[in-house]
Amino acid sequence: MKKTINDGIITANEEDIQPLIINNVAYLRNDTLSKALEIAGMANVNRMISSYLDIKTEKIQLTNSLIRIKSNIFFVKNMKQSIDTVNIELVGFDSDNKKTHFCYPLIQENQLDLKVNLNILKNNKPLSEGTYNLYWKVTIKTSQIDTKIIGYLPIRDVYTFLNSSIHTTNLYFYTGKLQLEYNTIIKYGQEKDTIQVKNKLLKKINPSKQYGDIKNKTEKHSYFYLLTMNKLWPFFFYIVSWIFPVKKNRILFLSDSRSEIGGNYSFILNELQKRNQRNKRRKNYEIRYIFKENNFTKKSFRDMVKLVYFLSSSKYVFLEENYPFLTRIKTKNKTKIIQLWHAAGAFKKFGYSRLGLPGGPTTKSKDHRYYDFASVTSDSLVPIYSESFDIEIDNVLPLGLPRSDLFYDTKLIKETKERVFEEYPFLKGKKIILFAPTFRGGTRKSAHYPYEQLNFEDLYSKLSDEYILILKVHFNTLNKIHIPFKYKDFIFDMSDYRDINDLFLVSDLLITDYSSVCFEFSLLNKPMLFFAFDEEKYVLDRGFYFKYDEIVPGKITRDCDELITAILNEDFEIEKIKPFRDYYFKYQDGKSSKRVLDTVLE
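The sections below set out a description of the structure shown in this document. Every chain's residues receive numbers from 1 upward, in the order its sequence appears when written. The model is predicted, so local features are restricted to residues of pLDDT at least 70 and side-chain atom pairs to those at 80 or more, both for listing and for counting; the totals for chains, interfaces and linings are taken over all residues. The basis for the side-chain values is all heavy atoms of the structure; hydrogens and waters are excluded.

### A word on the sheet that holds strand β25 (residues 555–557)
Pairing between strands is defined by DSSP: at least two bridges between them are needed. Counting from the N terminus, the helices are DSSP H or I runs at least four residues long and the strands are E runs at least two residues long. Here we have six strands laid out as an open sheet, ordered β22-β21-β20-β23-β24-β25, and parallel in their pairing. A single partner strand is all that each edge strand has here, and the edge strands are β22 (491–493) and β25. Across the sheet, the mean angle separating the axes of adjacent strands is 25° when strand polarity is ignored. Here strand β20 (residues 431–435) pairs with strand β21 (residues 467–471) via five bridges, running parallel. Paired with F435 across the bridge in β21 is L471. To obtain an axis, a line is fitted to C-alpha atoms, over the contacting stretch when the element is a helix, and the angle between two such axes runs from 0 to 180 degrees between their N-to-C directions.

Now the structure itself:
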């Protein structure tokens, strides 16, 4: 029979030969085999396993909720030939000797490489509450004995790597109806001479019942409030619309995700002000704004009166995202609603391209369908946005992204960089890496980012002499990153900074994943890296318009080690940027705002 090392699933029935754990020693329940082993002087199964092989630990690395163990497997020479198969798993026993399966390690040429993420241990949920001692479960099938030998070996030399230190982290789980948070300790367990994991549940809530929006901790809207928003105010809007005519020079900016002017609106506003100054003979454009920091914050009576009045009397309404109130009404034919959209390009599917998927719209949804025009950056994106917004293809216009005008205004670039460096002086003196990933999870209530994939220690030790690292995660992300004090001069969380384009200007390298930020960054011709450790799962869950690894304008890395190596070697595959940029940006001239207004207003 061929001798192999196999890390596949055990196919034989284990129930008859499950070991009995007594004082941390494994004995087989199979009476016939136990008696044979006892006569042979090998009643201790662990000792018998050791007579065939030895697992020597070469490295133990703890990074947030990730445990990585590298080991070598040494076979006893005179026993190796009698082994048919060897299976090795990592398991944990709690105080009641209940077994928890962790994973099958990867075995290659007698070397074992294990990566365990405690955050997604079972059914994408974290490790359950409890105290666990970790063991190698070794299953040997040998021609000497007509059954399998199963034993549990502690992980060797743990103290050498962990000493008496205690590694602390948090585990998270986010869905629309369940959020979990655990406090976790990983350390050397002296009593069992192996790795010990202690996990305590800190929070278990149903955010849908407790909050209107978990991120902003807003109250859940009352039935009366929802009734007035869905029925009474739309009715009031039609009355106001009948009374007040549309003013042909009135322009309204609407947003339920910002409290002040910015983004695309800043550049459209700037162009409007120029036109007001130039065209003194005619009546100037009257510009109005109605902003709210987020859609989950209640609108006051005064807010709603302003909204229905200006909506009913404005000729042009500019948006950057879906505006829920517009799904409940029908504006006048003279009113034109223009969608500028908050993101450039298109990687992952959104809107009606995700019809029927978790977090996607339903066939009865009215989101997006009320736009008169939508501006995109290239002809190639017209059919995509037409499908995503479910509007006529002729109403999607490749006019450009207004806020990209920043990258062609030398004076504004200089002023923006000076302002950023003055406000954040710690950014001076080193090269700047901007880490700007998108979130994981299907909805706003489940949005999170797996920070455990970032090895702070390695990033700091290998990059901090030359670089600083800015974190700018998606604004929907619920879980906060905790930056250890040791890295305070290297890692900076600037996720609350509103306009990422400002940070583009001061950054030397962008690291992202499936976010659309790479589209605008490509206009600067600066290098990018793509940290896609979960590409397969993400593509399956979200769906992409294009094949990811063929279109991204930079090198793809699959783990933090690859990411660091690419940075140190300056291996960015920068030659991919120009064809990417030319495909997704029809115009590269800094006149997108002018084109949008020329088309819409005229």
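### Quick look at the packing of helix α11 (residues 456–463) against helix α16 (residues 560–568)
Two elements in contact, α11 and α16, have axes separated by 10 Å at closest approach and are oriented at 15°. Accordingly, the angle class assigned to the pair α11 and α16 is roughly parallel. Seen along the crossing, α11 lies across α16 with a hand that is right-handed. Residue-level inspection shows D458, L459, K462 and L463 of α11 in contact with α16, the latter providing C560, D561, I564, I567 and L568. Just so you know the grouping, Ala, Val, Leu, Ile, Met, Phe, Trp, Tyr, Cys and Pro go in nonpolar, Asp, Glu, Lys and Arg go in charged, and all remaining residues, Gly too, go in polar. Residue composition of the contact of α11 with α16, by class: six nonpolar, no polar and three charged. For classification, angles of less than 35 degrees are called roughly parallel, those exceeding 145 degrees roughly antiparallel, those between 65 and 115 degrees roughly perpendicular, and all remaining angles oblique. By convention the crossing between two helices is left-handed if the near helix lies anticlockwise of the far one by an angle smaller than a right angle, and right-handed if it lies clockwise. Contact between two residues is taken to exist if any of their heavy atoms lie within 4.5 Å; hydrogens are not considered.

### A few points about a nonpolar patch on the surface
For patch detection, residues must exceed 30% relative accessible area and be free of salt bridges, and they are connected within 9 Å for like charges or within 5 Å for nonpolar side chains (Val, Leu, Ile, Met, Phe, Trp, Tyr). For accessible areas, the Shrake-Rupley method is used with a probe of radius 1.4 Å. Any residue's cover is judged against the shown protein chains and nothing else. Any carboxyl oxygen of Asp or Glu that lies within 4 Å of a side-chain nitrogen of Lys or Arg is treated as forming a salt bridge with it. Taken together, the side chains of F235, F236, I239, W242, I243, F244, F301 and V305 define a hydrophobic patch exposed on the protein surface, amounting to about 880 Å² of accessible area. Mapped by element, the contributors of at least two residues to the nonpolar patch are α6 (223–243) and α8 (301–313). Here the nonpolar patch gets five residues from one element, more than from any other, and that element is α6. Looking at the element boundaries, W242 is found in helix α6. Owing to a relative accessible area of 76%, W242 belongs among the exposed residues under this scheme. With a 1.4 Å probe rolled over the protein chains alone, any residue whose accessible area is under 20% of its type maximum counts as buried; one over 50% counts as exposed, and the rest are partly exposed.

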